[in-house]
Amino acid sequence: MFIFIPFAFGGNPASESGPRAVYDYFTKKNIDGIKHSIIFEQTLYESAYQYMLRINKEISLILKNKKKNIIIGGNHLSLMPIYQLCYARQANILTLDAHRDYYPQDKLNHATFLKYISGCCKSHFLVGYRDTDQHNQIHPNITALKNFKHNIINTKIDYLDIDIDVLDPYIFPWCGSAIDNGMSLIELMKMVDFFSTSGCNLLSISEYIPNYDMHEKGLEIIYQIVSNFLIK
């Protein structure tokens, strides 16, 4: 099932349009399962907090199925309900991100939200971070690795989360906080292939900003990632 969360509170507002652009592109491509999509739009009567609570409740029911589920978020904060559910279920999580999203500011936003994840999952790996702020620590339950380590292969990953800025900006510049020396698309695809084949049923992608993606190259990359995940 496809789930779209066009939410950008506490981050670049342009990322809110990312999930809608991906939905339109996937519909044009007629990717398998797109007709059964769910789009969580925030209503005029919901605060950001209420909206997140609603997503948590409704997605909790969806994720009980054993099928592959694809979530396209706005900014990374939009996926906080997914992390909360996976932590509560003691899942194994792999986060691919150029940032640690554990910045020292007190306000909840897309760069701090990991500080607010409660509980303790079975294991949580962060791979690909390249931010150099020494004050930016990491959640005590997360193992942070700048590069992919083979010991992760021995762990069955239940949830694979891709903040798309983990890719090198030469490959994928359509995001708000690009950092040089990122992953290659080949490396990312190999990881998606491996974990999909080994039983991962939940994939999310966030932080895509379509404003300057005039030729839909970024959309095509996201389409390739999701297609690889689905066919394995």
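Above this text is the structure in question.
What comes next concerns the included structure. (Residues numbered from 1 in each chain as written. Predicted model: local features only at pLDDT ≥ 70, side-chain atom pairs only at ≥ 80, totals over all residues. Heavy atoms only, no water.)

### Examining the overall build of the chain
Moving on, step 1. The secondary structure content of the chain amounts to five helices and eight strands.
Moving on, step 2. Listed N to C, the secondary structure of the chain is β-α-β-α-β-α-β-β-β-β-α-β-α in terms of helices and strands.
Moving on, step 3. Since a compact globule built from 232 residues should have a radius of gyration of about 17 Å, the 16 Å found for the chain is in line with a globular shape.
Moving on, step 4. Dimensions of the chain along its principal axes, counting C-alpha atoms only, are 40 × 40 × 35 Å.
Moving on, step 5. The burial tally for the chain puts 55% of its 232 residues in the buried class.
Moving on, step 6. In the chain, the share of contacts with a sequence separation of at least 24, taken over all contacts with a separation of at least 6, comes to 75%.
Moving on, step 7. Total accessible area on the chain stands at roughly 11,000 Å², and carbon and sulfur atoms take up 54% of it. (Helix = DSSP H or I, 4+ residues; strand = E, 2+ residues; numbered from the N terminus. Rg over C-alpha atoms; globule rule 2.2 N^0.38 Å. Buried < 20%, exposed > 50% of the residue type's maximum accessible area, 1.4 Å probe, protein only. Contact = heavy atoms within 4.5 Å. Areas by Shrake-Rupley, 256 points an atom, 1.4 Å probe, with all protein chains shown as cover.)

### A look at the pattern of salt bridges
Moving on, step 1. Under the definition given, this model contains eight salt bridges.
Moving on, step 2. The shortest N-O distance in the salt bridge between Glu216 and Lys28 comes to 2.9 Å. Here Glu216 is found in the loop between β8 (202-206) and α5 (217-231), whereas its partner Lys28 is found in helix α1 (residues 17-29), with 188 residues between them in sequence.
Moving on, step 3. In this structure, the salt-bridge partner of Glu58 is Arg54, at a minimum N-O distance of 4.0 Å. Separated by four residues within a single helix, Glu58 and Arg54 lie in helix α2 (residues 48-62), roughly one turn from each other.
Moving on, step 4. When its relative accessible area of 35% is taken as the criterion, Glu58 is described as partly exposed.
Moving on, step 5. Bridged by salt links that share partners, the residues Glu16, Arg20 and Glu41 form one connected network. (Salt bridge = Lys/Arg side-chain N within 4 Å of Asp/Glu carboxyl O.)

### So, the environment of Lys68
Moving on, step 1. Positionally, Lys68 belongs in the loop between α2 and β3 (69-73).
Moving on, step 2. A distance of 2.5 Å separates the side chain of Lys68 from the side chain of Ser196, its partner in a polar contact.
Moving on, step 3. Of note is the side chain of Lys68, whose polar atom sits 2.7 Å from the backbone oxygen of Phe229. (Polar contact = N/O pair within 3.5 Å; in protein donor to acceptor, adjacent residues only side chain to side chain.)

### Re the sheet that holds strand β5 (residues 123-127)
Moving on, step 1. Pairing is parallel in the open sheet, where eight strands are placed in the order β2-β1-β3-β8-β7-β4-β5-β6. If you trace the sheet from one side to the other, it starts and ends with β2 (38-39) and β6 (142-145), each paired once.
Moving on, step 2. Where strand β4 (residues 92-96) and β5 come together, five bridges link them in parallel fashion. Bridge pairing links Thr95 to Leu126 in β5.
Moving on, step 3. Along the sheet, α1 makes contact with β1 (2-5), β2 and β3, crossing β1 at roughly 150°. (Pairing = 2+ DSSP bridges. Axes fitted to C-alpha atoms, helices over the stretch in contact; angles between N-to-C directions.)

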